[in-house]
Amino acid sequence: MGLIGATASAVEAGAPPDSASVEASPPVLGDDELETRQIDELLARRISVKGFPAELEARFQHDHAAPRMRRMMVSGALVAFLFNWLLVSDAVMVPDQFDLAIQLRLLLYTPLTLLGLWLVNRIASIALREWAVLAASVAAAAINVTLCLRSGHPNAGPYLVSLASVVVFTNTVARIRFTHAVWLDTGILIAFVWATLRMPDAPMDVMLPAGVMLMSLSVFTLYGCHALEQDERRNWLMRQRELALRRALQQANVRLDAASRHDLLTDVANRRHFEAFLEEVWEHARQSGQDVSLMLLDIDRFKDYNAHHGQAEGDACLRQIAAVLKLRLRRPDDLVARYGGEEFAAVLVGTPVSVAVGAAERIRQGVTALARPHASSPTGHVTVSIGVACMRPNAPHASQSQLIAAADEALHQAKRRGGDQVFAFGTQG
């Protein structure tokens, strides 16, 4: 180990401000807290049939796009197959239109449904997909009404009740959005009444209960559709609230951890963060073969300064010296910390001892330049003593505790020599 003179020079650093120092930030109401409040307000009241506010609605639709697509594909495949089973009832109820039923159901609707499934899987717009499902439901209802109106068979009027299959399927299996379901069911009921009035031979004693049954099915399935959509939206809101609370908790923990590693008086890292930082950089330097330099700084005769000038002036002095340290040690990898009382520490990674001593001398001169009056100091102003030590972590027997002990001993040597100077232990670099 070599002894380096206190007047060694170093190149002035031009790097950005010290990013390793922990900066405390006042707690603010973040996006997650605002979102949680908004969600709580929505959960406290009935969710509107129009959906959420624009931003939340867009996120809801995005999050449910994949499951909605799967439901569309499954229900579309089902309707393409099951809709053709109505050909059996077509043959019984409107036999004179059976050929037309085959054309409309098997040769037109089924291929178009399959084509629609292929297209809807490639449509980026979520709203357009929902309209496509509604259009398919309207087409299915239109086919049933067309067959009944064109038929001259006595069963044609009562056969309008087949519209119930469209209502039940779209509201419960396909589960189209509630507002679309309301439009569809209203249109089907209007079509039922209009078609009934267009059939002079329709038996009213059958059509009236059939209409009541169709309207009842519409009301019941719409209620179920609305309840399911409300539950789906409410469950999504609760998941978003849980996620927002979890993120807010994580951010609070980060702020709390930062505060626990920060010295509020001097606005630099505290000893806890210093120890964790030194352990981390020591391990990294062990692998890379870099030097690690440690600087311990003590304010000369600080107890006398406090006794003469008062606690408030003492705190102001600590803040000023911390500012000098941050100003003079500006590399992103350096750390400035309050080591305890009137002592500060600085960790310089990848810095040989000669450069570390030069930086320490620059700091000593910076404190002297403050010219802060100190009645008990031989110089008449505040001065500091600085001990510097440098080690290479991959060297034999090197350890963090040895580095700290060497820097502490160097500081004591500087104090024994009258203070206001730099003393260093370390390998030449």
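Counting from 1, residues in each chain are numbered in the order their sequence is written. For a predicted model such as this one, the threshold for reporting local features is a pLDDT of at least 70, and the threshold for listing and counting side-chain atom pairs is 80 or more; totals across whole chains, interfaces and linings nevertheless cover every residue. The basis for every side-chain value is the complete set of heavy atoms in the structure, and neither hydrogens nor water enter the calculation.

### Re the overall build of the protein
Runs of H or I in DSSP of at least four residues are treated as helices and runs of E of at least two as strands, each being numbered from the N terminus. Counting secondary structure elements, the protein contains 14 helices and eight strands. Its C-alpha atoms give the protein principal-axis dimensions of about 120 × 45 × 30 Å. Two residues qualify as a contact provided that any one of their heavy atoms is within 4.5 Å of a heavy atom in the partner residue. Restricting to contacts in the protein with at least 6 residues of sequence separation, those with at least 24 account for 77%. Looking at the protein as shown, the accessible area adds up to about 21,400 Å², and 62% of this sits on carbon and sulfur atoms. The protein carries 41 positive and 44 negative side-chain charges, and their two centres are separated by 2 Å. Shrake-Rupley sampling with a 1.4 Å probe provides the accessible areas, and residues are treated as covered by the protein chains on show and by no other component. When charges are tallied, Lys and Arg are placed among the positive residues and Asp and Glu among the negative ones, while His and the ends of the chain are skipped. The atoms used to mark charge sites are NZ of Lys, CZ of Arg, CG of Asp and CD of Glu.

### With respect to the packing of aromatic side chains
Only the six-membered ring of Trp is used, alongside the rings of Phe and Tyr, when aromatic pairs are assigned; centres must lie within 6.5 Å, and planes under 30 degrees apart are stacked while those over 60 apart are edge-to-face, with the rest tilted. Enumeration over the complete set of coordinates arrives at nine aromatic pairs. Where F52 meets W236, the ring centres are 5.6 Å apart and the plane angle is 25°; that geometry is what we call stacked. One end of the pair, F52, is in the loop between α1 (31-43) and α2 (54-63); the other, W236, is in helix α9 (residues 204-260), and 184 residues separate them in sequence. Neither F52 nor W236 differs from the other in exposure class; each is buried. Geometrically, the ring pair formed by F60 and W236 is edge-to-face, given 5.5 Å between the ring centres and 80° between the ring planes. Of the two residues, F60 sits in helix α2 while W236 sits in helix α9, which places them 176 residues apart along the sequence. By the burial criterion, F60 is buried, and W236 matches it. Pairwise contacts between aromatic rings join F52, F60 and W236 into one cluster. Criterion for a charge above a ring: Lys NZ or Arg CZ within 6 Å of the ring centre, and within 35 degrees of the ring normal. Just above the ring of F83 sits the side chain of R105; from NZ or CZ to the centre is 4.6 Å. For every residue, the accessible area (1.4 Å probe, protein chains only) is compared with the maximum for its type, and the residue is labelled buried under 20%, exposed over 50%, or partly exposed between those bounds.

### Some remarks on the layout of surface pockets
A pocket here means an open set of points on a 1 Å grid, computed over the protein atoms alone, that has protein on both sides within 12 Å along at least five of seven lines. A cavity is instead a set of points where a 1.4 Å probe fits but cannot get out; residues with an atom within 4 Å of a point line either one. Grid points are joined across faces, edges and corners, and a volume is the space filled by probe spheres set on the points. Its boundaries defined by the atoms lining it, the largest pocket holds a volume of some 650 Å³. The wall of the largest pocket is formed by 30 residues, among which V79, Y109, T113, A136 and S137 lie closest to the centre. Looking at the lining of the largest pocket, the elements with two or more residues in it are α3 (65-82), α5 (98-120), α6 (126-150) and α7 (163-173). A total of nine residues in the lining of the largest pocket trace back to one element, the largest contributor, which is α5. Its residues placed into classes, the lining of the largest pocket shows 23 nonpolar, seven polar and no charged. By volume, the second largest pocket is sized at about 250 Å³. Those elements giving two or more residues to the lining of the second largest pocket turn out to be α2, α6, α8 (178-198) and α9. When residues in the lining of the second largest pocket are grouped by element, the largest group, four residues, is from α6. Side-chain classes are defined by residue name, with Ala, Val, Leu, Ile, Met, Phe, Trp, Tyr, Cys and Pro counting as nonpolar, Asp, Glu, Lys and Arg as charged, and the others, Gly among them, as polar.

### Describing the nonpolar core
We call a set of buried residues a nonpolar core when its members are Ala, Val, Leu, Ile, Met, Phe, Trp, Tyr or Cys and they connect through side-chain atoms within 4.5 Å of each other. Within the largest apolar cluster, 44 residues are counted, with the highest numbers of intra-cluster contacts made by F83, L160, L163, I176, I188, F192 and L214. Sort the elements by how many residues they give to this core and α6 lands first, with eight residues. When sequence neighbours within four positions are dropped, the list of residues in contact with L160 reads V145, C148, F192, A195, T196, M199 and M207. One finds L318, I321, A356 and A424 within the second-largest nonpolar core, a separate group that totals 31 residues.

### Concerning the pattern of salt bridges
Salt bridge, as used here, is a side-chain nitrogen of Lys or Arg placed within 4 Å of a carboxyl oxygen of Asp or Glu. Within the structure shown, the criterion is met by 20 salt bridges. The shortest N-O distance in the salt bridge between D263 and R338 comes to 3.4 Å. Taken together, the residues D263 in strand β2 (residues 262-263) and R338 in strand β5 (residues 335-340) connect sequence positions 75 residues apart. Between K415 and D300 there is a salt bridge, and its shortest N-O distance comes to 3.1 Å. Of this pair, K415 sits in helix α14 (residues 400-416) while D300 sits in the loop between β4 (292-299) and α11 (302-309); the two residues are 115 residues apart in sequence, bridging distant segments of the chain. The buried category is assigned to D300, whose relative accessible area is 3%. Among the charged side chains, a network of salt bridges with common partners joins E57, E229 and R233.

### What to know about the environment of P154
Within the secondary structure, P154 sits in the loop between α6 and α7. Judged by its relative accessible area of 62%, P154 falls in the exposed class. Put simply, P154 and G380 are 226 residues apart on the chain and 118 Å apart in space, counted from C-alpha to C-alpha.

### Observations regarding the packing of helix α10 (residues 271-288) against α14
Two elements in contact, α10 and α14, have axes separated by 11 Å at closest approach and are oriented at 120°. Taken together, the axes of α10 and α14 are oblique relative to one another. For the crossing formed where α10 meets α14, the hand is right-handed. Where α10 abuts α14, its residues F274, L278, E279 and W282 lie against Q400, L403 and I404. Its residues placed into classes, the contact of α10 with α14 shows five nonpolar, one polar and one charged. Axes here refer to lines fitted to C-alpha atoms; in helices the fit is confined to the stretch in contact. Angles between the N-to-C directions go from 0 to 180 degrees. Geometric relationships in this document are graded by angle, where less than 35 degrees denotes roughly parallel, more than 145 denotes roughly antiparallel, 65 to 115 denotes roughly perpendicular, and other angles denote oblique. Left-handed describes a crossing whose near helix is turned anticlockwise from the far helix by less than a right angle; the clockwise case is right-handed.

### Some thoughts on unusual backbone geometry
Residue R175 is not a glycine yet carries a positive backbone phi of 50°. Structurally, the position occupied by R175 is in the loop between α7 and α8. Positive phi is not limited to glycine here, since R301 has a value of about 55°. As for its position among the elements, R301 is in the loop between β4 and α11.

### Describing the confidence of the model for the protein
Confidence of the predictor at the level of single residues is given by pLDDT, which spans 0 to 100. Per-residue pLDDT for the protein has a mean of 86; in total, 91% of the residues score no lower than 70. Between residues 1-30, whose pLDDT stays under 50, and residues either more than four places distant or in other chains, the model counts 69 contacts.

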